[in-house]
Amino acid sequence: MSAIVITEEARHWQEVAHKVAEEVVRPIAKHFDEVQEYPEEVKQAYIENGLLGVWIPKEYGGHGAGIVALCLVIEELSRACGGTGVAYAVNALGSFPMLVGGTEEQKQKWLPQVASGEKMIAFCLSEKFAGSDAGGMQCQARLDGDHWVLNGEKKWTTNGGVASLYTVFAVTDPTSKSRRISAVMVEQGTPGFEVRKVEDKMGIRCVPVVETHFEDCRVPQENLLGGRPGMGFKHAMGTLDLARPGVAAQGLGLAQGALEYAVTYAKRRIQFGAPISSMGVIQDMLALMATKVEAARGLVLRAATAVDQGDTAAVNKLAAMSKSFATDVAMEVTTNAVQIFGGYGYMKDYPIEKYMRDAKITQIYEGTNQIQRMVIARNLIKEADKFSYLNAYIPTESYDTYNALSEEELAAAGEAVS
Ligand code: CAA
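Please read these numbers as outputs of a predicted model, since none were measured by experiment.

The rules behind the values
- Along each chain, residue indices are assigned from 1 in the same order as the chain's sequence is written.
- Predicted model: local features are reported for residues with pLDDT of at least 70 only, side-chain atom pairs are reported and counted for 80 or more only, and whole-chain, interface and lining totals are derived from all residues.
- Here the side-chain values reflect all heavy atoms present in the structure, with hydrogen atoms and water set aside.
- By the criteria applied, helices consist of DSSP H or I runs no shorter than four residues and strands consist of E runs no shorter than two, each listed in order from the N terminus.
- With C-alpha atoms as the basis for the radius of gyration, the globule rule is written as 2.2 Å multiplied by the number of residues raised to the power 0.38.
- Here, two residues are considered to be in contact whenever any of their heavy atoms come within 4.5 Å of each other.
- We get accessible surface area from the Shrake-Rupley algorithm with a probe of 1.4 Å; when it comes to residues, only the shown protein chains can shield them.
- Two aromatic rings from Phe, Tyr or Trp, using only the six-membered ring of Trp, form a pair when their centres are within 6.5 Å; if the ring planes differ by under 30 degrees the pair is stacked, by over 60 it is edge-to-face, and anything between is tilted.
- Relative accessibility decides the category of a residue: with a 1.4 Å probe and only protein chains considered, values under 20% of the type maximum give buried, values over 50% give exposed, and everything between is partly exposed.
- One heavy atom within 4 Å of a molecule or strand is enough for the residue carrying it to be called near that molecule or strand.
- Between N or O atoms, a polar contact is any pair within 3.5 Å; within protein, one atom must be a potential hydrogen donor and the other a potential acceptor, and residues adjacent in sequence are included only when both atoms are from side chains.
- Amino acid classes used here: Ala, Val, Leu, Ile, Met, Phe, Trp, Tyr, Cys and Pro are nonpolar; Asp, Glu, Lys and Arg are charged; the rest, including Gly, are polar.
- An automatic or database domain assignment supplies the start and end points of every domain.
- Orientation is described by lines fitted to C-alpha atoms, with helices fitted over the stretch in contact, and by angles between N-to-C directions that extend from 0 to 180 degrees.
- Just so you know how the angles are binned, under 35 degrees is roughly parallel, over 145 roughly antiparallel, 65 to 115 roughly perpendicular, and the rest oblique.
- Each crossing is labelled by how the near helix is turned from the far one, with a counterclockwise turn of less than a right angle marking it left-handed and a clockwise turn marking it right-handed.
- Within the patch definition used here, like charges are joined within 9 Å and nonpolar side chains (Val, Leu, Ile, Met, Phe, Trp, Tyr) within 5 Å, considering only residues with over 30% relative accessible area and no salt bridge.
- Throughout this description, the term salt bridge denotes a Lys or Arg side-chain nitrogen within 4 Å of a carboxyl oxygen of Asp or Glu.
- What we call a nonpolar core is a set of buried Ala, Val, Leu, Ile, Met, Phe, Trp, Tyr and Cys residues that are connected through their side-chain atoms within 4.5 Å.
- Two strands are said to pair when DSSP picks up at least two bridges between them.
- A quick way to say it: buried area is the sum, across both parts, of accessible area lost when two parts are put together, with a 1.4 Å probe.
- In this scheme, a helix's expected span is set at 1.5 Å multiplied by one less than its residue total.
- Each residue is assigned a bend, namely the angle between axes fitted to the seven residues that terminate at it and the seven residues that start at it.

(A) Broad picture of the overall build of the chain. For the chain, the helix and strand inventory stands at twelve helices and nine strands. For 418 residues, the compact-globule estimate of 2.2 N^0.38 gives 22 Å, and the chain sits close to it at 23 Å. Based on the C-alpha atoms only, the size of the chain along its principal axes is roughly 75 × 70 × 40 Å. Across the chain, every contact between residues at least 6 apart in sequence was considered, and the portion connecting residues at least 24 apart equals 75%. Carbon and sulfur atoms make up 56% of the accessible area of the chain, which totals about 19,200 Å².

Set out below in C-alpha cells:
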C-alpha cells in the first residue's frame, strides 16, 4: 500500500496556484459566473505561471510534477472558483489519453504545446445516448485513403470552443465488441468540425460545455492515437483512472472553500446577542464539515500518490473512491455552508450559493458517483479471493447446500455483478 507522498515540488505548485487563485481568480469569479464567459485573464495566469505543464513529463516540455501536484493545484483553484478549477483540470483530462496511449511522435508533437498553453485541449467521450455507457457511443471514424473521416456528434465537451485540440473517441470497427473504439486527435479549424450548442448551466458557468459536431471531418491517419485502431476504450478508461483524483480535488477545493466562508461568517453573524459560532448546533455542523473535508483530502492524496507511484493494481479503485467520496463531501459541505449563511446564503449577493451550484456537477461528470461505486464494488469482488480462507470461520448451514450454484451459474452470477 502506497503511503501519501507530497514532494517539495508539489508544494511549490500548490503555492503558485494559491497565489493565482487569490490574486486572479477569486476577485473575478462572481462576474464570470454571472455572464457565463470564459475568463481569458485566468488562462493567461495559468500560462504565465507555468501551471499547464504541471502534470506533463519533462521530456514533453512539462514540469513532470505528477498527479499529487496536479490535485493540489486543482484544489487551490477550486477553493476560489469551481468553474476555474475544472477549466484548468480538463486540460489534463484531454491530454491523458496521449500519455496513456499516444505514440512517441504524437507526444512530441502535441504535449509541449499543451504544457506551454499554446494549445488548450478537450476530451470528447460522452454522447447524447452514451453517458455512463461510454462504450455505447455512435460517432464514427472511417478510414478513407490516408485520412480518418469522422461523422457524428459528442455531448458535454468541457472547454469546447476554448480548446484548439480535441481528443475525440469514435467507433472505428462497428463489428468488434472489444476493439470497437479509437481516439483521434482533431485540431480546431478542421473542415467539418464545429462547436454547436453551448449549454446554459447550473454551475461551473465560466467554462463552456458544448456539443461538438463532425460532418465528413477528415483528419490525417497519423492522428489516430497510438497508431493502432481499437484501443480507444482502454485509453478512455485509463485516462479516467488518472483524471478522477482531479475531480475529487475539485470537490475537495469547493468543500474547503465553502468551509472557510462558513466559519468566517459564523464568527461574524450575531443572533440572540452572540455570534452564531458560539452556538452548539452550529459548532456541531462546522466540526462535521471540517472532519469530512480532512477525510476527503486523505483519500484524494492517497489516490494521487498511487498514480504517481505506478501502483496500477490500486489506482482504478482508489480513483473511484476518491472521486465519489470527495464530491459527495463537496455537495454536503457546500449545502451546509449555505445553511449556516441562512437566508443570505440563498442570495446571489453572497458568495456561498455558487459553491453549492458548482459542487453538484462534480457528483455527475467523469462518471457519476453511482458508476464510481460500481467500479469500487467490481474491484472488491475481484479482490475477495484473498479472503477465501475466511470461509472456514463461517459455519455452513443446510441452506448453503440447498442454494449451492453450479460452476456455470456462479460464472453467470459473477458476470451479473462485474
Ligand atoms: N483501464 C484499462 N482498461 C480498462 C479499464 C481501466 N480502468 N476499465 C475497463 N477496461 C477495459 C476492460 O479490461 C475491458 O477490456 P477487454 O474488452 O479487452 O476485456 C474493456 O475495457 C471493457 O470493460 P468493461 O466491460 O468494464 O466496460 P463496461 O462497458 O462495463 O463499462 C464503465 C465500464 C466503468 C461503466 C465505463 O463505461 C465508465 O467508466 N463509464 C463512465 C463514463 C464516464 O466516466 N464518462 C465521463 C465522460 S468525461 C467527462 O465527464 C469530462 C468532463 O466533462 C469534465
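(B) Summary view of unusual backbone geometry. Notably, Ile-204 is not glycine yet its phi reads approximately 35°, a positive angle. Among the structural elements, Ile-204 can be located in the loop between strand E6 (193–198) and strand E7 (209–220). Of note, the phi angle at Glu-366 is positive, near 55°, even though the residue is not glycine. When you line up the elements, Glu-366 lands in the loop between helix H9 (352–362) and helix H10 (369–383).

(C) Fine view of the packing of aromatic side chains. Scanning the entire structure with this criterion turns up nine aromatic pairs. With 5.2 Å between their ring centres and 25° between their planes, Phe-193 and Phe-214 make a pair best called stacked. Remark: Phe-214 occurs in strand E7 and Phe-193 occurs in strand E6; sequence separation between them is 21 residues. Phe-214 carries the same exposure label as Phe-193, and that label is buried. Relative to Tyr-350, the ring of Tyr-344 lies with its centre 5.1 Å away and its plane at 40°, an arrangement referred to as tilted. In this structure Tyr-344 comes out as partly exposed when scored by relative accessible area, which is 37%. Judged by relative accessible area, Tyr-350 falls into the partly exposed class, the value being 24%. Ring pairs connect the aromatic residues Tyr-265, Phe-341, Tyr-344 and Tyr-350, which therefore count as one cluster.

(D) Quick look at the site of the ligand. The full set close to the ligand counts 27 residues, and Ser-132, Thr-158, Asp-241, Arg-244 and Arg-378 are the nearest of them. Taking Thr-158, its side chain carries an N or O atom lying 2.7 Å from an oxygen atom of the ligand. One of the side-chain N or O atoms of Lys-234 is found 3.1 Å from an oxygen atom in the ligand. When the free accessible area of the ligand is taken as 1,100 Å², the share hidden by the protein chains comes to 70%. Elements that contribute at least two residues to the shell around the ligand include exactly helix H4 (82–101), strand E3 (147–158), helix H6 (232–268) and H10. The biggest single contributor to the shell around the ligand is H6, with seven residues. Its residues placed into classes, the shell around the ligand shows 13 nonpolar, eight polar and six charged. Residue assignment places the shell around the ligand across two domains, with domain 2 (122–230) and domain 3 (234–383) each supplying three or more.

(E) Molecular detail of the packing of H6 against helix H7 (residues 280–308). H7 packs onto H6 with a crossing angle of 155° between their chain directions and a minimal axis gap of 9 Å. Here H7 runs roughly antiparallel to H6, going by the angle between their axes. Here the hand of the crossing between H6 and H7 comes out left-handed. Two secondary-structure elements touch here, H6 through Asp-241, Leu-242, Pro-245, Ala-248, Ala-249, Leu-252, Ala-255, Gln-256, Leu-259, Ala-262, Val-263 and Ala-266 and H7 through Ile-282, Leu-286, Met-289, Ala-290, Val-293, Ala-296, Arg-297, Val-300, Ala-303, Ala-304 and Val-307. Its residues assigned to classes, the contact of H6 with H7 comprises 20 nonpolar, one polar and two charged.

(F) Expanded view of a nonpolar patch on the surface. The grouping of Phe-387, Tyr-389, Leu-390, Tyr-393 and Ile-394 at the surface amounts to a nonpolar patch, some 600 Å² of accessible area in total. The residue Phe-387 is located in the loop between H10 and helix H11 (398–403) in this model.

(G) Here's a closer look at the nonpolar core. Residues Tyr-46, Leu-51, Val-54, Trp-55, Tyr-88, Leu-150 and Val-186 are the most contacted members of the largest nonpolar core, which totals 124 residues. Discounting chain neighbours no more than four positions away, the residues touching Leu-51 are Trp-13, Val-16, Ala-17, Val-20, Tyr-46, Val-73 and Tyr-88.

(H) Expanded view of the pairing of strand E4 (residues 165–171). Burial analysis of E4 places seven of its seven residues in the buried class, the great majority of the element. Here E4 runs beside strand E5 (residues 181–187); their pairing, made up of seven bridges, is antiparallel. The partner of Val-171 across the bridge, within E5, is Ile-181.

(I) Fine view of the pairing of strand E2 (residues 140–144). Sheet topology places E2 next to E3; five bridges connect them, and they run antiparallel. When the sheet's bridge partners are listed, Arg-142 is paired in E3 with Val-149. Here E2 folds back onto E3, and the loop between the two strands holds two residues, one of which, Gly-145, carries a positive phi near 65°.

(J) Structural detail: the domain arrangement of the chain. By domain assignment, the chain separates into domain 1 (8–120), domain 2 (122–230) and domain 3 (234–383). Centre-to-centre, using C-alpha coordinates, domain 1 lies 22 Å away from domain 2. Each partner contributes residues to the interface: domain 1 has 27 residues there, and domain 2 has 26 residues. Among the residues domain 1 hides against domain 2, the three largest losses belong to Gln-36, Trp-110 and Met-120. Together they make up 27% of the total. The interface formed by domain 1 and domain 2 holds two salt bridges in total. Of the charged contacts in the structure, one is a salt bridge between Glu-187 and Lys-119, with a shortest N-O distance of 3.4 Å. Here domain 1 is connected to domain 2 by 13 residue pairs in polar contact (both at pLDDT 80 or more). Elements that contribute at least two residues to the side of domain 1 that touches domain 2 include exactly helix H1 (8–35), H4 and helix H5 (104–116). A total of twelve residues in the side of domain 1 that touches domain 2 trace back to one element, the largest contributor, which is H4.

(K) The arrangement of helix H8 (residues 312–345) in detail. Compared with an ideal rise of 1.5 Å per residue, which puts 34 residues at 50 Å, H8 spans 43 Å between its outermost C-alpha atoms and falls more than 12% short. Maximum bend of H8: about 60°, positioned at Gln-339.

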